[in-house]
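Survey of secondary and tertiary structure
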Number of protein chains: 2
Amino acid sequence: MSKFYILSAVFLNSVSFAQSPSQDSTSLRKIFDFYLTESHCYKNLEYLTTQIGGRISGSTQAAQAVTWAKKAMYEAGADTVYLQPCMVPHWVRGVKETCTTVNIKTKQKTTYTICALGGSVATPIPGLIAEVIEVNSFDELDKLGEAGVKGKIVFYNVFFDHQHLSTGTCYGETVKYRWAGPSKAAKYGAVATIVRSMSSINNDFPHTGAMGYDTTVCKTKIPCCAMSYVAADKLLKELKENPKLKVSLKMNCATLKDEPSFNVVGEIKGTQKPNEIILAGGHLDSWDLGQGAHDDGAGVVQSIEVLAMYKKQGIKPRHTIRAVAFMNEENGGAGGRAYLEDTKKNKLKHIAALESDAGGFSPRGIGADTTLGLYKKLVSFKELLNPYFLQYIERGGGGADISPLKQLGVPLIGFEPDGQKYFDYHHTADDTFDKINKRELELSAGVIGSIIYLTDMHN
Amino acid sequence: MSKFYILSAVFLNSVSFAQSPSQDSTSLRKIFDFYLTESHCYKNLEYLTTQIGGRISGSTQAAQAVTWAKKAMYEAGADTVYLQPCMVPHWVRGVKETCTTVNIKTKQKTTYTICALGGSVATPIPGLIAEVIEVNSFDELDKLGEAGVKGKIVFYNVFFDHQHLSTGTCYGETVKYRWAGPSKAAKYGAVATIVRSMSSINNDFPHTGAMGYDTTVCKTKIPCCAMSYVAADKLLKELKENPKLKVSLKMNCATLKDEPSFNVVGEIKGTQKPNEIILAGGHLDSWDLGQGAHDDGAGVVQSIEVLAMYKKQGIKPRHTIRAVAFMNEENGGAGGRAYLEDTKKNKLKHIAALESDAGGFSPRGIGADTTLGLYKKLVSFKELLNPYFLQYIERGGGGADISPLKQLGVPLIGFEPDGQKYFDYHHTADDTFDKINKRELELSAGVIGSIIYLTDMHN
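Note that the structure is predicted; figures quoted are calculated from it, not measured. (Residues numbered from 1 in each chain as written. Chains lettered and ligands numbered in written order. Predicted model: local features only at pLDDT ≥ 70, side-chain atom pairs only at ≥ 80, totals over all residues.)

What to know about the interface of chain A and chain B
Between chain A and chain B, the contact holds 21 residues from the first and 21 residues from the second. Mapped by element, the contributors of at least two residues to the side of chain A that touches chain B are α2 (21-37) and α14 (438-457) of chain A. (Contact = placed C-beta atoms within 7 Å. Helix = DSSP H or I, 4+ residues; strand = E, 2+ residues; numbered from the N terminus.)

Next comes the structure, spelled out in structure tokens:
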């Protein structure tokens, strides 16, 4: 093989399709012009959130969202839209939960705003009444043991540690009480658990979210709920006045039989490497309480808009571009697993997979998995994206739906918008469309589109 | 002079007081711990906005705000608080403005949400009725001339150009129709002007703001108002159906006699260079419609908190640190001028002056005036502040209140939070405390405090 041939081959593989930084810069400006003036992100999100609304897995709304996403992807310019089947859990909240106390002196009734955690069993139909024991950690629970806990309602009263710069870190530290708290308390004979909402702010919205019964810890499944920040403060105050305070809980949630559902996968076939996929995704399901605007309608419409970015600007991608609206991120991850299985079965190759699931706020950064050297390549785009408010590109990151692909060596990218307000709305009735700012949503969509575009151009 | 002496002198001047980057980094982490867990920014802002409220220059509320700011500065830890007198304009809105049309066919009355611009004269008491002529630029107005404009109401219908990444640029391009539009239209015989609100979003809040009659352009002063985005769309639609549409305007605003008012200046004396001042400021006055939360209660409480950062952490500043709550930024700038005069009179030396007047959002960047090499020094702090969401340090920047100091060669710093939502609320009834996120306010306050701290340590 001649030297010339080798050089040519290297050239063709690594440079020929690449633009210069100045061409990239011009392309990005056009991309952002599109996003800021022509994109349908905001209108799509308005429809999904206000016309369909909260869409927990297995619900009618989740099914409607699948139909809508398919249509929206075709409208955005997908060549093909696949529905990828998966079986999802079907948990229903039932009648609105109640939590009350009666003051022993004044006989006055106090109500506390709560919501059942996703996956919880119901209380007995007439409700349950028991004393409450406050704990601030699992260590404290273990110290109390059966003597201190049996027959009581355990109240996990753990606050966000606001010294953390990332609210995600605050959440990461506290969510274990939501997820694992019920079985740990049941082990000592607790009859129910209440968890202080994983919230950045003190308002009266309770934050739901998934919990899991661990039958290796305790076979008994006890009802569990989240209490709003304000209500948790009120409960603390009452407990201080009367440590024997009895709380009455009523929840009639239930887990029905699994339902068939779908990931929605829209793609534009690549012109040069059609068998290599670049993926942008978010999750289509949401909790039932709000409209699933920040979590994660935003990520879904941003992903769909990647298709529109190509189609409406007449750009032909080199690789195959996929927008994926994953199902069942919130309480099971069935969609993520189904996507992995389909990828394996069809021996699909992914160049990169990006997930947007941290709200529709202004751009801030991305976390990039280091697999296959993606991190270095992304870092080379940083200067280009800096004017568009992408402050940092850090190692690590991904997303719940794309994380199963890691076992296949797929490089993962997690998009990270400015996250200070995310846990104000997360999993609450307040996660509604009016909390979305059009420009913030579009700028972040533009950054996502640009990362996909640059990855396509430089691989 | 020996070489040794020269080196020692250089050392003493530029390094001896300086900490190492690692010491700086440790100090900043402590500063942010303070801001995120102990600061009073949010509580102070709650009081200023919800207990005092909108505080236009000359109003009772502005006077209350002066008293409050003095108290808040002492509570934050000021050694001394000065009230710097200035005479301010006293414009009053009067009874809520109205704007209506009657459909010639259906006889149906339509109302449009408007607000008088600050400084406008009133309409005649019974109101004025005239045809409306829409223009999209001053060029278009000039082309229409007297023949097209005389006796009519000129409607400046200019939208934000959303291709701009900075909403401030959108504002900068359109605010001239608010400021200079009335005199330019009056020159051709217009009887009033309506301006489409300088707004990023299409809701029904009209955005007030200052206007100025330019008597060199036209001696006649005509009433002028801003119309909400939604109402402006409605008016356009009506005009399309009936180009002879008559609009009825009623405004009874008035300019009363000037009132005495004050800047509030709180300081902590420097231990090593007491005659050199580092200033952090915001403006205490606001428009009357909302509560002046983002504009600019946020900047005021962030400035006051710089004093608390020193006092409550027991840090002794080397230079004298000043928090300044300027009066009358919105409609006159009397406070900024009074501060300059006092500075001149007392021959005060300022090392730097920082202004925060772009909302209480997450940190994004700073603009720094290049005078005296400040820009380079600030850029050297960039890596330290990057983890705290300070993305950029750019040339240029300052603030309306500190800009008079430029003539004395004072280096100016403009703090720039994430600005996508600022013009959603700016100068409207919607600029209220509930639009403030505690962590965003505190993080930006922390960046401001850190810049003051580093400037003090390294000068």
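And the narrative resumes.
With respect to the sheet that holds strand β13 (residues 349-356) of chain A
Residues and elements named next belong to chain A. The strand order β1-β10-β12-β11-β13-β16-β14-β15 describes an open sheet built from 8 strands, whose pairing is mixed. Every interior strand has two partners, whereas the edge strands, β1 (80-92) and β15 (392-395), have only one. Looking at each pair of strands side by side, their axes are set apart by 20° on average, direction ignored. Bridge count for strand β14 (residues 363-368) against β15 is 4 bridges, and the pairing is parallel. Across the sheet, residue alanine 368 finds its bridge partner in β15, namely arginine 395. (Pairing = 2+ DSSP bridges. Axes fitted to C-alpha atoms, helices over the stretch in contact; angles between N-to-C directions.)

A short note on the confidence of the model for chain A
Residue and element names in this part refer to chain A. Per-residue pLDDT for chain A averages 95, and the proportion of residues at 70 or more is 96%. This stretch, residues 1-16, has a pLDDT under 50; its non-local contacts, to residues over four places away or in other chains, come to 2 contacts. Listed scores for the predicted complex are pTM 0.95 and ipTM 0.94. (pLDDT = per-residue confidence, 0-100.)

Quick word on the relation of the copies chain A and chain B
For these two chains of identical sequence, chain A goes onto chain B by a turn of 180° and a shift of 0.0 Å along the axis, with RMSD 0.0 Å. What we have between these two chains is a two-fold relation. The C-alpha atom lying nearest the rotation axis in chain A is that of Gln391(A); the distance is 2.7 Å. In this assembly the copies share their binding face: 100% of the residues contributing to the interface of chain A also contribute to that of chain B. (Least-squares fit on C-alpha atoms with pLDDT ≥ 70 in both.)

Structural notes on helix α5 (residues 138-149) of chain B
Between the first and last C-alpha of α5(B) there are merely 12 Å, a value that for 12 residues lags more than 12% behind the 16 Å anticipated at 1.5 Å per step. Among the residues trailing α5(B), Gly151(B) stands out with phi positive, at a value near 80°. (Expected span 1.5 Å × (residues − 1).)

Looking at unusual backbone geometry
Residue and element names in this part refer to chain A. Here the residue pair aspartate 295 and aspartate 296 is connected by a cis peptide bond, since its omega of 5° sits within 30 degrees of zero. With respect to the element layout, aspartate 296 can be found in helix α9 (residues 293-313). Notably, phenylalanine 389 is not glycine yet its phi reads approximately 75°, a positive angle. Along the chain, phenylalanine 389 turns up in the loop between α12 (382-385) and β15.

As for the pairing of strand β16 (residues 412-417) of chain A
Residue and element names in this part refer to chain A. Counting buried positions over the 6 residues of β16 gives 6, a clear majority of the element. Judged by which residues are buried, β16 turns out to be covered on both faces: Leu412, Gly414 and Glu416 on one side and Ile413, Phe415 and Pro417 on the other are all buried. Where β13 meets β16, 4 bridges bridge the pair, whose relative direction is parallel. Its bridge partner being in β16, alanine 353 is matched across the sheet by leucine 412. Looking at chain direction, β14 and β16 are connected through 5 bridges and run antiparallel. Paired with alanine 368 across the strands is isoleucine 413, a residue of β16. (Buried ≥ 20, exposed ≤ 12 C-beta atoms within 10 Å, placed from the backbone.)

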